[in-house]
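The primary structure of each chain is shown beneath.
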Amino acid sequence: MFKVLLILSFFALPHSYAEDKKSSEDQIKNGKKLFQRKACGGCHKIGGDQVSPIGPDLKDVSKRRDPKWLREWIKDPRVAQAANDPIYVELFKKFPTKMPYLKLSESDVEDIIKYIESESNKKKGK
Ligand code: HEC
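Predicted model only: the values in this text are computed from it and were never measured.

> Please explain the site of the ligand as it appears in this structure.
As a matter of local geometry, the ligand sits amid 27 residues, with Cys40, Cys43, Gly55, Leu91 and Met99 nearest to it. Going through the elements one at a time, helix H3 (40-43), helix H5 (67-75), helix H6 (77-82) and helix H7 (86-94) are the ones with two or more residues in the shell around the ligand.

> Is there a simple way to explain the packing of H5 against helix H8 (residues 106-122) in this structure?
Relative placement of two packed helices is described by the angle separating their axes and the distance separating the axes. Here H5 crosses H8 at 115°, and the two axes come no closer than 10 Å. For the pair H5 and H8, the crossing hand works out as right-handed. In contact with Leu70, Arg71, Ile74 and Lys75 of H5, H8 contributes Glu106, Val109, Ile112 and Ile113. Of the residues in the contact of H5 with H8, the class split is 5 nonpolar, no polar and 3 charged.

> Could you clarify how one ought to interpret the nonpolar core in this entry?
Soluble, globular proteins show a tendency: their nonpolar side chains are buried together. Counting residues in each nonpolar core, the largest one holds 8 residues, listed as Ile46, Leu58, Trp73, Ile74, Val109, Ile112, Tyr115 and Ile116. Listed by contribution, the elements that provide at least two residues to this core are H5 and H8. Looking at this core, the element that brings in the most residues is H8, giving 4 residues. Setting aside its immediate chain neighbours within four residues, Ile74 contacts Leu104, Val109 and Ile112.

> I'm lost on the packing of helix H2 (residues 24-37) against H8 in this one. Help?
Following both chains from N to C, one finds H2 and H8 inclined at 95°, their axes separated by 7 Å at the closest point. Regarding the angle of H2 to H8, the classification is roughly perpendicular. Judged by residue contacts, Ser24, Gln27, Ile28, Asn30, Gly31, Lys32, Leu34 and Phe35 of H2 engage Asp108, Glu110, Asp111, Ile112, Lys114, Tyr115 and Ser118 from H8. For the contact of H2 with H8, the residue count by class is 5 nonpolar, 5 polar and 5 charged.

> Honestly, the environment of Ser107 in this entry has me stumped. Any pointers?
Tracing the backbone through its elements, the reader meets Ser107 in helix H8. C-alpha of Ser107 to C-alpha of Asn30: the two residues are 77 residues apart in sequence and 10.0 Å apart in space.

> Before we go on, may I ask you to explain unusual backbone geometry in this structure?
Trans is the common state for peptide bonds, and a negative phi is the common state for residues other than glycine. Although it is not a glycine, Asp60 sits at a positive phi angle of roughly 60°. By the secondary structure assignment, Asp60 is in the loop between H3 and helix H4 (61-64). Since 17 C-beta atoms lie within 10 Å of it, Asp60 is described here as partly exposed. With a phi close to 50°, Asn84 is a non-glycine residue in the positive phi region. Owing to 9 C-beta atoms within 10 Å, Asn84 belongs among the exposed residues under this scheme.

Conventions adopted
Residues numbered from 1 in each chain as written. Predicted model: local features only at pLDDT ≥ 70, side-chain atom pairs only at ≥ 80, totals over all residues. Near = placed C-beta within 6 Å. Helix = DSSP H or I, 4+ residues; strand = E, 2+ residues; numbered from the N terminus. Axes fitted to C-alpha atoms, helices over the stretch in contact; angles between N-to-C directions. Left-handed = near helix turned anticlockwise from the far one by under 90°. Contact = placed C-beta atoms within 7 Å. Nonpolar A, V, L, I, M, F, W, Y, C, P; charged D, E, K, R; others polar. Core = buried A, V, L, I, M, F, W, Y, C linked by C-beta atoms within 7 Å. Buried ≥ 20, exposed ≤ 12 C-beta atoms within 10 Å, placed from the backbone. Parallel < 35°, antiparallel > 145°, perpendicular 65-115°, else oblique.

Okay, structure coming up:
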């Protein structure tokens, strides 16, 4: 019996690994859902002609910011705000609203960044 279980778990392993590793298409889809559900889009746009009324345009944000800074910011902007982080101080001069803490998991943050990158690439040249 034990042997059978061992063999079964061996076959189950690669499968669950594949499930854990979301395809980047799924990440983008989930990121888009989160972008809408967490109201990012109410304050930010990603490229296009319209001017963002409340927060900065997020087009190519992952190219102009350090990846670690970007992840920490989206995860919990209160940390940089409280520390008077220089990037935050600059942004706040132009956008005098404090971005709220939106209770995202680390994988949510990754998915949102993937979505922002995919939208940015669609709007190349703008
Ligand atoms: C209530 C408005 C609001 C919401 C909702 C909001 N933000 Fe922001 N965001 C801002 C403002 C304002 C700034 C500029 C910094 C500041 O003043 O806090 C900012 C800054 C940023 C930056 C840094 C931009 C740069 O140029 O470096 C990123 C990235 C970002 N937001 C992503 C997001 C994501 C992703 C979400 C959704 C999970 C979100 N924001 C939701 C208002 C908002």
